[in-house]
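Architecture at a glance
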Amino acid sequence: MAIGIGLLGLGTVGAGVAQILQTPDGRHPLVKELELRQVAVRNLERARPVELAAELLTTDPSAVVTNPAVDLVVEVMGGLEPARSLILAAIEAGKAVVTANKAVIARHGAEIAAAAAAKGVYVLMEAAVGGGIPILEPLKQSLGGNRIERVSGIINGTTNYILTRMAEEGASYASVLADAQALGYAEADPAADVEGGDAADKIAILTGLAYGGLVPREAIPTEGIDQLDTRDIDYARELGFVVKLLAVAERHGSDSDGTEVLDVRVHPTLLAKDHPLAGVNGVNNAILVEGDPVGRVMFYGPGAGAGPTASAVVADILNIAAINQVASGPAAGQDPLLAASSWRKCRLVDAGSTCHRNYVRFQSTDRPGVIGHIGGCFGAENVSLQSIVQFETEGAGAEIVVITHAVEETGFRRALTAILKHPEVEAVTCCMRTL
Ligand code: HSE
């Protein structure tokens, strides 16, 4: 029995989905059952990469949601509103929803999941994280028997492209960004990507699935690559590391009431050259899941683009079609693995009590005693050092780079304050985490 699909948005991803639905040959036989019944667009006149009958198009997205011929709503319009309200309206109408909207799910996931559970419909979002990489389903289902210790990933292709070129060419952040914009790899307003917000949305979603509870999106410490200096990428390489924008979620223990305490964050990170994520270059994404007892499992592939993202959207549609949820109308309940509702409370750790390895670069004058002072201040705060190196500079002063062992954040910060009191130490010019 055919399943009526309503599409909200016909941009890059929407057109990719329509293209798959229009060319079912050679795909799973269920694809033939998916019938595009209505499509909401912003502008009826615009040229599109897919040909659609004019009567399928409307500029009113609510008409798609309430159309009785539409069984399943695919939201690929992006943005917070009206996307959130349309998703809720579709659920209210008893329809399943497939969305690629990480911003909405990261902020309103609890509200949407509660509405979906009350109506017994599914809201699936595989395309929201990692583009074409299947990662949400594996976290919900294939890895469900594990205790997840850590999820770490390169989940923003734009920043990975920029960092890869900075490392390969020694070019500045600003010049590579301008080039990426000209080539269409970076948006005209690149803030969501380069300031880390896009990766924070995605790690919020991964955290909810990996640990069974939601964390507040706005509280996730987030640092992008927009302040990064190419010289730190060069120094890191000389010391055996590559620099990647990493999104990480890891267990930090639990409270006496069972609340899971999580360290979730996004920041530029030094990775040893042989780390599994170190070789992920260009616009590719990868997510490394560390679980007990499975060990390390890595998911790698294209993190964006029409085809890869549409591949993930259609996989969700097929999942829903396969369990006949749509064909038979609102069901009494949801498959708990596919729906993946929250099953415990989670909270973010107090950042000061976390332990991390750090890379820190000091600018100072080149005088005797400076390295001794730096080492002494770290030692006084029980911060153990792995290496301390002075790099040649073109000008007068000295650049001193320190890599610490895993140390408590509060003591590390106190040591930095003490080091900066020395008259010869001018500034901390870069501070990054090291995995
Ligand atoms: N802007 C994202 C990226 C793609 O650069 O990875 C969509 O999630």
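You'll find the structure just up there.
The text that follows walks through the structure, step by step, so that each part is easy to find. A quick note: this is a predicted structure, and the numbers were derived from the prediction, not measured.

1. Some details on the pattern of salt bridges
Per the counting criterion, the structure on display carries 31 salt bridges. Across the pair R107 and D201 runs a salt bridge whose closest N-O atoms are separated by 3.0 Å. Note that R107 is positioned in helix α4 (residues 102–119) and D201 in helix α9 (residues 197–211), a separation of 94 residues in sequence. Take D201: its relative accessible area is 6%, and that puts it in the buried class. Among the ionic pairs, D229 bridges to R231, the shortest N-O distance being 3.4 Å. On the basis of relative accessible area, D229 is assigned to the partly exposed category, the value being 30%. Sharing partners across several salt bridges, the network here consists of R150, E250, D263, R265, E290 and R296.

2. Quick look at a nonpolar patch on the surface
The grouping of L183, Y185 and V283 at the surface amounts to a nonpolar patch, some 280 Å² of accessible area in total. As for its position among the elements, Y185 is in the loop between α7 (173–183) and α8 (191–194). The exposure class assigned to Y185 is partly exposed, which follows from its relative accessible area of 42%.

3. Quick notes on the site of the ligand
Near the ligand you find K102, N156, G157, T158, D193, D198, K202 and A304, and these make up its full shell. Note that an oxygen atom of the ligand is positioned 2.6 Å from one of the side-chain N or O atoms of T158. Between the ligand and D193, the relevant distance is 2.9 Å, taken from a nitrogen atom to a side-chain nitrogen or oxygen of the residue. The fraction of the free accessible surface of the ligand (260 Å²) that becomes covered by protein chains is 79%. Only α6 (157–169) and α9 provide two or more residues apiece to the shell around the ligand.

4. A word on the packing of α6 against α7
Close contact between α6 and α7 brings their axes to 9 Å; oriented N to C, the two are set at 130 degrees. Between α6 and α7, the angle falls in the class oblique. Between α6 and α7 the crossing geometry is right-handed. Note on element contacts: α7 touches α6 through Y173, V176, L177, D179, A180 and L183, opposite Y161, I162, R165 and M166.

5. Concerning the sheet that holds strand β5 (residues 96–99)
The parallel open sheet is built from 6 strands, whose spatial order is β3-β2-β1-β4-β5-β6. Only two strands of the sheet have a single neighbouring strand rather than two, namely β3 (57–58) and β6 (123–124). Pairing of strand β1 (residues 3–8) with strand β2 (residues 34–40), which is carried by 6 bridges, proceeds in the parallel orientation. Its bridge partner lying in β2, I3 is registered against L34. The strands touched by helix α1 (residues 12–22) within the sheet are β1 and β2, with β1 carrying the most contacts at an inclination of about 160 degrees.

6. Digging into the packing of aromatic side chains
Under the definition given, this model contains 4 aromatic pairs. Between Y161 and Y185, the aromatic rings sit 4.6 Å apart at their centres with planes inclined by 55 degrees, giving tilted as the arrangement. Within this pair, whereas Y161 is found in helix α6, its partner Y185 is found in the loop between α7 and α8, the two being separated by 24 residues in sequence. Between the aromatic rings of F362 and F378, the centroid separation amounts to 6.4 Å while the plane-to-plane angle is 55 degrees, which identifies the pairing as tilted. With F362 in strand β13 (residues 355–364) and F378 in helix α13 (residues 370–380), the pair connects residues that are 16 residues apart, well separated along the chain. According to the relative accessible area criterion, F378 is buried, its value standing at 0%.

7. Some words on the pairing of strand β11 (residues 295–302)
Across 8 bridges, strand β10 (residues 284–292) lies against β11 in antiparallel orientation. What sits directly across from G291, in β11, is G295. From the end of β10 to the start of β11, which pair antiparallel, there are 2 residues.

8. Quick look at the nonpolar core
Counting 78 residues, the largest nonpolar core has I135, I162, I203 and L206 as the members making the most contacts within it. Top contributing element to this core by residue count: α9, with 9 residues. Ignoring any residue separated from it by four or fewer positions in sequence, one finds I135 in contact with E126, V129, L206, I287, V289 and F299. V17, V31, V50 and V74 belong to the second largest nonpolar core, which has 37 residues in total.

9. Considering the environment of V248
Mapped onto the secondary structure, V248 falls in strand β8 (residues 241–254). Residue class for V248 comes out buried when judged on its relative accessible area of 1%. Excluding anything up to four places from it in sequence, V248 contacts R150, V151, S152, I203, D263, V264 and R265.

10. Details of the side chain of N146
Checked against the element boundaries, N146 lands in the loop between α5 (136–142) and β7 (147–154). Excluding residues that lie within four positions of it along the chain, N146 makes contacts with G291, D292, P293 and V294.

11. With respect to unusual backbone geometry
Note the cis peptide between E81 and P82, where omega equals 10 degrees. Note that P82 resides in the loop between β4 (72–75) and α3 (83–92). Within the chain, N382 stands out as a residue other than glycine whose phi angle is a positive 65 degrees. On the secondary structure map, N382 appears in the loop between α13 and β14 (385–391). Assessed through its relative accessible area of 71%, N382 is described here as exposed.

Thresholds applied
Residues numbered from 1 in each chain as written. Predicted model: local features only at pLDDT ≥ 70, side-chain atom pairs only at ≥ 80, totals over all residues. Heavy atoms only, no water. Salt bridge = Lys/Arg side-chain N within 4 Å of Asp/Glu carboxyl O. Helix = DSSP H or I, 4+ residues; strand = E, 2+ residues; numbered from the N terminus. Buried < 20%, exposed > 50% of the residue type's maximum accessible area, 1.4 Å probe, protein only. Patch = residues over 30% accessible without salt bridge, like charges linked within 9 Å, V, L, I, M, F, W, Y side chains within 5 Å. Areas by Shrake-Rupley, 256 points an atom, 1.4 Å probe, with all protein chains shown as cover. Near = heavy atom within 4 Å. Polar contact = N/O pair within 3.5 Å; in protein donor to acceptor, adjacent residues only side chain to side chain. Axes fitted to C-alpha atoms, helices over the stretch in contact; angles between N-to-C directions. Parallel < 35°, antiparallel > 145°, perpendicular 65-115°, else oblique. Left-handed = near helix turned anticlockwise from the far one by under 90°. Contact = heavy atoms within 4.5 Å. Pairing = 2+ DSSP bridges. Phe/Tyr/Trp six-rings, centres within 6.5 Å; stacked < 30°, edge-to-face > 60°. Core = buried A, V, L, I, M, F, W, Y, C linked by side-chain atoms within 4.5 Å.

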